[in-house]
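# A structural walkthrough
Here are the chains, one letter per residue:
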Amino acid sequence: MVRGGPPQLVYTGAKANALWPAMKRILTSIGRHRWTIAAGVVLSLLSAILALIGPQYLMRISDEVESGIGGTVDLGYIGYLSIILLALYLSSTALQITEHYIIPRVSVIVSTELRAKLIRKLDRIPLGYLDSARTGDLMSRITNDTDTIGDNLGQSVVMLLTSVTMMLGAFAMMLYTDVELALACAVPVVIAMMFLWTIIRKSHRHFRIQSRDMGAINSAVEETYYALDIVRAYNGSQRALESFDKVNRSLISSGFKARFMSGMMPRMMSFFNNLGYVIVCVVGSLMVADSSISIGVVVAFIVYVRQFTQPVAQISESFSMVQSVAASSERIFQILDAEEMSDEAGCTGHIGRAEGDVEFRDVCFSYIAGTEIIHDLDLHVPAGMKVAIVGPTGAGKTTIANLLMRFYELDSGEILIDGIPTSQVPRSEVHSQFAMVLQESWLFGGTVRENVVFTSDVDDDERIWSALEAVGIDGFVRDIGGLDTRLYDEALSAGQRQQISIARAIIRDSPIVILDEATSSVDTLTERKIQVAMDSLMAGKTSFIIAHRLSTIRTADIILVMKDGRVVEKGTHESLLNDNGFYAELYKSQFSNCE
């Protein structure tokens, strides 16, 4: 039900210069885990430094062997150097293993905490905001985008910083070893870096579009399979497939472009890496022949070239990860930055268990600013009264229920329960005053018991069976195995799902009851049985019954007739028929259609 909420969840196609701000913000937002990632970075840097020292000992070993050719080789000295070299590489490997333990562990924790943040945030966002969102896209942000951040954040940061350190360190050691050969080897790397920067600038947009398309495809799947019976009934399978194919093709396109551009970088880096080896072999051999350098320098440079050029490929890979993280973090922060429901710090009112007296005072409300739905509504409902709300579609009937529950904030006016404005009472306490049964039943994948008791403290099986019997579904529950049968294992009809929802309202035993087309999904015989249970549920309680079937509300103490957001008539069933007004017109048209 879309009412045009805020635009934050819409992809805006922001420019790639948002890459670094997005990364900075996600690193700031993960709190104490920054230091764990920093520890991983330090370990990786130490490992890189030890690896950079190694070629110096290789050079000394090679020079010692070369000097001993035709004479005596000092095997003791070579053994000593080899032990130091082995210790360096073993220490470097140990540090890498430790870092590879720390980073994946913190990655899992980060994605878990991000999902928890999003769920908590969704609980604080006004319903009007969520009305504008697609469920599949929200699911994609909570699952795919958080996983992307968790999988790539720590690894990309460590890889990027380590690669930069390794590249700069290798170049420094090359300069220390021989300046001329180092400058010759630097040429392909400079060209590679220029190429890398060009690709990065162009590829970030495709990663953003890929994240958007992933959300769109989740929405398409969720919407199609949620209403699969409608799709098939209208022979809409082909159209649904075409719609899915369109979104899927867009995902293929964006995914291919993102992967191609990111995958092209390491391939090109491999070329520049091989070019570096060629330069070392050709230029180095010439310099050895000219006695400018020793053979040990060439051996060291072969290792340094790998350490100098390989990080460029790793930098390109880490940038691909960074781009994925940035694109996903932007989508997550769109939710985390959403405006929340008003602060309840000043809500010091307390109702306790209400008597049930409800009053609307000059209430005005609009879902979209400037388009008012409820106009100057004044209404007083004494405790224990059964109130029916009727009217044509769009008259504002369900909106009344939403405002009673404080799901939305009023534009102006007040709603009072037992004389206390609900705006001065914490929302949770307002919600606790109501039991609510909607037209569309809601069950989760737990047991019958868990669904009926839901958040109540009832642990008495007799009370649960009594509620199920009251709505006429106790026999079915016994047939499927009892209260501890998991509902997702059973095929429930719409009517059976609604019966369980109504049993939940009976168990809740709240002082105010809202029934929004509660029996619309059941047959006439079941409806009559449920109606008896509803009468028992509503006895002594304030009840608001929203109904289109006017035959179900004849016994209401008062009927409110709504039209265009206003109460145009009110009275009992008989008095309204005698008035021969809008209610009488609705009633007669309904029953004339039945005839």
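Residues numbered from 1 in each chain as written. Predicted model: local features only at pLDDT ≥ 70, side-chain atom pairs only at ≥ 80, totals over all residues. Heavy atoms only, no water.

### Brief notes about the nonpolar core
Rule in force here: To define a nonpolar core, start from buried Ala, Val, Leu, Ile, Met, Phe, Trp, Tyr and Cys residues and group those joined through side-chain atoms within 4.5 Å. Here the term buried applies to any residue with accessible area under 20% of the maximum for its type, exposed to any over 50%, and partly exposed to those in between, with areas from a 1.4 Å probe on protein chains only. Residue contacts follow a heavy-atom distance rule, with two residues in contact if any of their heavy atoms lie within 4.5 Å.
Counting 44 residues, the largest nonpolar core has Leu468, Ile553, Ile559 and Tyr583 as its most contacted members. With sequence-adjacent residues up to four places away left out, Ile553 is seen in contact with Ala388, Val390, Ile545, Ala547, Ile559 and Tyr583.

### As for a nonpolar patch on the surface
In plain terms, the rule: Nonpolar side chains (Val, Leu, Ile, Met, Phe, Trp, Tyr) within 5 Å and like charges within 9 Å form the patches, drawn only from residues with over 30% relative accessible area and no salt bridge. Only the protein chains shown count as cover for residues, and the accessible areas themselves come from Shrake-Rupley with a 1.4 Å probe. A pair is scored as a salt bridge if a Lys or Arg side-chain nitrogen falls within 4 Å of a carboxyl oxygen belonging to Asp or Glu. Secondary structure counts use DSSP, requiring at least four H or I residues in a row for a helix and at least two E residues in a row for a strand, with both numbered from the N terminus.
On the surface, a nonpolar cluster with roughly 450 Å² of combined accessible area is contributed by Phe271, Leu275, Val278, Val282 and Leu286. Relative to the helices and strands, Val278 resides in helix 8 (residues 237-289).

### Focus on the environment of Tyr408
Position of Tyr408 relative to the elements: it lies in the loop between helix 10 (397-404) and strand 4 (412-417). The class for Tyr408 is buried, based on a relative accessible area of 9%.

### Observations regarding the sheet that holds strand 9 (residues 558-563)
For clarity, the threshold we go by: Criterion used throughout: strands pair if DSSP finds at least two bridges between them. Here, axes are lines fitted to C-alpha atoms. For helices the fit covers the stretch in contact, and angles between N-to-C directions go from 0 to 180 degrees.
Sheet architecture is open: six strands sit in the order 6-7-8-3-9-10, paired in mixed fashion. Edge strands, defined here as strands with exactly one partner in the open sheet, are strand 6 (434-437) and strand 10 (566-571). Each neighbouring strand pair of the sheet contributes to a mean axis angle of 20°, computed without reference to strand direction. Judged from the four bridges that link them, strand 3 (residues 386-390) and strand 9 form a sheet pairing that is parallel. For Val390, the partnering residue across the bridge sits in strand 9 and is Val561.

### Regarding the sheet that holds strand 2 (residues 374-381)
If you walk across this open sheet you meet the four strands as 2-1-4-5, and the pairing is antiparallel. Each edge of the open sheet is held by one strand with a lone partner, namely strand 2 and strand 5 (420-421). Where strand 4 and strand 5 come together, two bridges link them in antiparallel fashion. Bridged to Leu416 within strand 5 is Pro421. Packing of helix 10 onto the sheet brings it into contact with strand 1 (358-365), strand 2 and strand 4, and relative to strand 1 it is tilted by some 115°.

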